[in-house]
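The chain contents come next:
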Amino acid sequence: MSKGTGPLSKLYNAVINSVDKVVPQAVRPLWESPAGPKTVFFWGPLGKWLLVLAGIGDIVKRPPQNVSLNQSGVLAATGLIWSRYSVVIIPKNYSLLAANFVVFLTQGFLIAKHLKWRSENPKNAFYQHSQSPFSLGDDQ
């Protein structure tokens with residue numbers, strides 16, 4: 001239950017109180033757990049799985065030359081950092097650990113996919129911007 005007094009806290013408390021009455025006994029342990037649906041420890045990892053779905057979508061549909069190394073590198077690093085965090089907080093949040101570790105794996109795969117493409121296509125790996133002061137030398 002939220003201890004806040006704002007309108008969103010009141011809405012949250014009303015929803016939890018109404019759902020609390022219909023939760024089956026078999027699901028009660030999950031519902032009442034310190035990392036259950038009543039807490040941010042449940043909803044944070046659930047949202048994090050959306051990053052996993054986006055990464056899987058990129059693996060399936062995005063051409064390797066369009067993968068951003070910066071974006072994938074940062075997401076992979078945060079996946080590792082937050083994986084560590086999820087096991088040192090109280091309560092330990094294994095669903096957050098799983099989500100973050102899979103974020104790391106999917107982004108790491110995208111990085112490898114891009115680097116493989118770059119090594120197989122070195123001439124195409126350099127993007128010539130129209131206002132770039134640099135030239136490849138063979139584009140006359």
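See the structure printed just above.
Quick look at the structure, then. Computed from a predicted model, the values in this text were never measured in an experiment.

## Focus: helix H1 (residues 7-20)
- With 14 residues, H1 should reach 20 Å at 1.5 Å per residue; the first-to-last C-alpha distance of 20 Å fits that figure.
- Regarding H1, the residues found buried are Ser9, Asn13 and Ile16. Angularly, the buried residues of H1 cover 65° about the axis, an arc narrow enough to put them on a single face. Along H1, exposed side chains directed more than 90 degrees from the buried face belong to Pro7, Leu8, Lys10 and Leu11.
- Looking at the packing, one finds that the buried side of H1 touches helix H2 (28-32).

## Focus: helix H5 (residues 94-120)
- For H5, built from 27 residues, the straight-helix expectation of 39 Å at 1.5 Å per residue is met to within 8% by its first-to-last C-alpha distance of 39 Å.
- Of the residues making up H5, those classed as buried are Leu96, Ala99, Asn100, Val103, Thr106, Gln107, Leu110, Lys113, His114 and Trp117.
- Residues of H5 that are buried sit in contact with helix H3 (40-61) and helix H4 (69-88).

## Topic: the packing of aromatic side chains
- Within this structure, the stated rule accounts for three aromatic pairs.
- An angle of 85° between the planes, with centres 4.8 Å apart, marks the rings of Phe42 and Trp43 as edge-to-face.
- You can call Phe42 partly exposed: its relative accessible area is 25%.
- Judged by relative accessible area, Trp43 falls into the partly exposed class, the value being 45%.
- Centroid distance Phe101 to Phe104: 5.9 Å. Interplanar angle 40°. Geometry classified as tilted.

## Focus: the pattern of salt bridges
- A full pass over the atoms with the stated rule returns six salt bridges.
- For Asp20, the salt bridge goes to Lys38, with nearest N and O atoms at 3.8 Å. Of this pair, Asp20 sits in helix H1 while Lys38 sits in the loop between H2 and H3, and the two are 18 residues apart along the sequence.
- For Arg28, the salt bridge goes to Glu32, with nearest N and O atoms at 3.2 Å. Linking Arg28 with Glu32, this pair stays in helix H2, spanning four residues, or about one helical turn.
- Several salt bridges converge on common partners, so that one network encompasses Asp20, Arg28, Glu32 and Lys38.

## Things to note about the side chain of Ser86
- Tracing the sequence through the fold places Ser86 in helix H4.
- Look at Ser86 and you get buried, because its relative accessible area is 0%.
- With residues up to four places along the chain from it excluded, the contact list for Ser86 reads Lys92, Asn93, Leu96 and Leu97.

## Brief notes about the side chain of Lys48
- With respect to the secondary-structure elements, Lys48 resides in helix H3.
- We note that Lys48 is buried and unpaired, the nearest opposite charge coming from Asp58 at a distance of 15 Å.
- Excluding residues that lie within four positions of it along the chain, Lys48 makes contacts with Trp82, Ala99, Asn100 and Val103.

Conventions and cut-offs
Residues numbered from 1 in each chain as written. Predicted model: local features only at pLDDT ≥ 70, side-chain atom pairs only at ≥ 80, totals over all residues. Heavy atoms only, no water. Helix = DSSP H or I, 4+ residues; strand = E, 2+ residues; numbered from the N terminus. Expected span 1.5 Å × (residues − 1). Buried < 20%, exposed > 50% of the residue type's maximum accessible area, 1.4 Å probe, protein only. Arc of directions from axis to C-beta. Contact = heavy atoms within 4.5 Å. Phe/Tyr/Trp six-rings, centres within 6.5 Å; stacked < 30°, edge-to-face > 60°. Salt bridge = Lys/Arg side-chain N within 4 Å of Asp/Glu carboxyl O. Lys, Arg positive; Asp, Glu negative; His and termini not counted.

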